[in-house]
Amino acid sequence: LYRVGDFYEAYNDDAKDVTKILGITLTKFAKSNIPLCGFPFHALDVYLPKLVRAGKRVAICDQIK
């Protein structure tokens, strides 16, 4: 998961897996076919346990300003 502003986002095949597990919307970058999904950073405590329980290993990349 990559922190982008106020969201954690996943891309490509990871995004496809995350949307199935979490039941969130799969979208894509404007003008490309790169799949992505995201959720608000404050919801990490809700979504991270669901990903781990589903057997996924999760790396979290936060932005440094």
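Each remark here, short or long, concerns the structure printed above.
The present account deals with the structure reproduced in this document. Keep in mind the model is a prediction, meaning the values are calculated, not measured. Sequence order sets the numbering: in each chain, residues are counted from 1 along the sequence as written. A pLDDT threshold of at least 70 governs which residues receive local features in this predicted model, and a stricter bar of 80 or more applies before side-chain atom pairs are shown or counted, although totals over entire chains, interfaces and linings include all residues. Hydrogens are left out, water is left out, and the side-chain values use all remaining heavy atoms of the structure.

Any carboxyl oxygen of Asp or Glu within 4 Å of a side-chain nitrogen of Lys or Arg constitutes a salt bridge here. Taken as a whole and assessed by the stated rule, the structure comprises two salt bridges. As a salt-bridge pair, Lys56 and Asp17 come within 3.5 Å of each other at their nearest N and O atoms. Note that Lys56 is positioned in the segment after α2 (44-53) and Asp17 in helix α1 (residues 12-22), a separation of 39 residues in sequence. Categorising residues by exposure relies on relative accessible area from a 1.4 Å probe, with only protein chains included: less than 20% of the type maximum marks a residue as buried, more than 50% marks it as exposed, and the intermediate range marks it as partly exposed. Residue Lys56 is classed as partly exposed on the basis of its relative accessible area of 34%. Secondary structure is summarised from DSSP: a helix means a run of H or I of at least four residues, a strand means a run of E of at least two, and numbering begins at the N terminus for each.

Okay, the sheet that holds strand β3 (residues 27-28) next. Two strands qualify as a pair provided that DSSP identifies no fewer than 2 bridges between them. Taking strand neighbours across the sheet as the criterion, the four strands line up as β1-β2-β4-β3 in an open arrangement whose pairing is antiparallel. Two strands close off the open sheet at either side, each with one partner strand: β1 (2-4) and β3. The contact criterion used throughout is that any non-hydrogen atoms of two residues lie within 4.5 Å. To obtain each axis, a line is fitted to C-alpha atoms, and for helices this fit is confined to the stretch in contact; angles are then taken between N-to-C directions over 0 to 180 degrees. Contacts from α1 reach β2 (7-11) and β4 (35-40) within the one sheet, and its direction differs from that of β4 by about 50 degrees.

The pairing test for Phe, Tyr and Trp rings, Trp by its six-membered ring, is centres within 6.5 Å, and the orientation test on the planes gives stacked under 30 degrees, edge-to-face over 60, and tilted for anything in between. Scanning the entire structure with this criterion turns up four aromatic pairs. Where Tyr11 meets Phe29, the ring centres are 5.7 Å apart and the plane angle is 5 degrees; that geometry is what we call stacked. Placement of Tyr11 in strand β2 and of Phe29 in the loop between β3 and β4 is noted, with a sequence separation of 18 residues between them. By relative accessible area, Phe29 is classed as partly exposed at 34%. Between Phe39 and Tyr47 the ring centres are 4.7 Å apart and the planes differ by 55 degrees, which places this aromatic pair in the tilted class.

Note that all results are geometric; they support no functional claim without further evidence.
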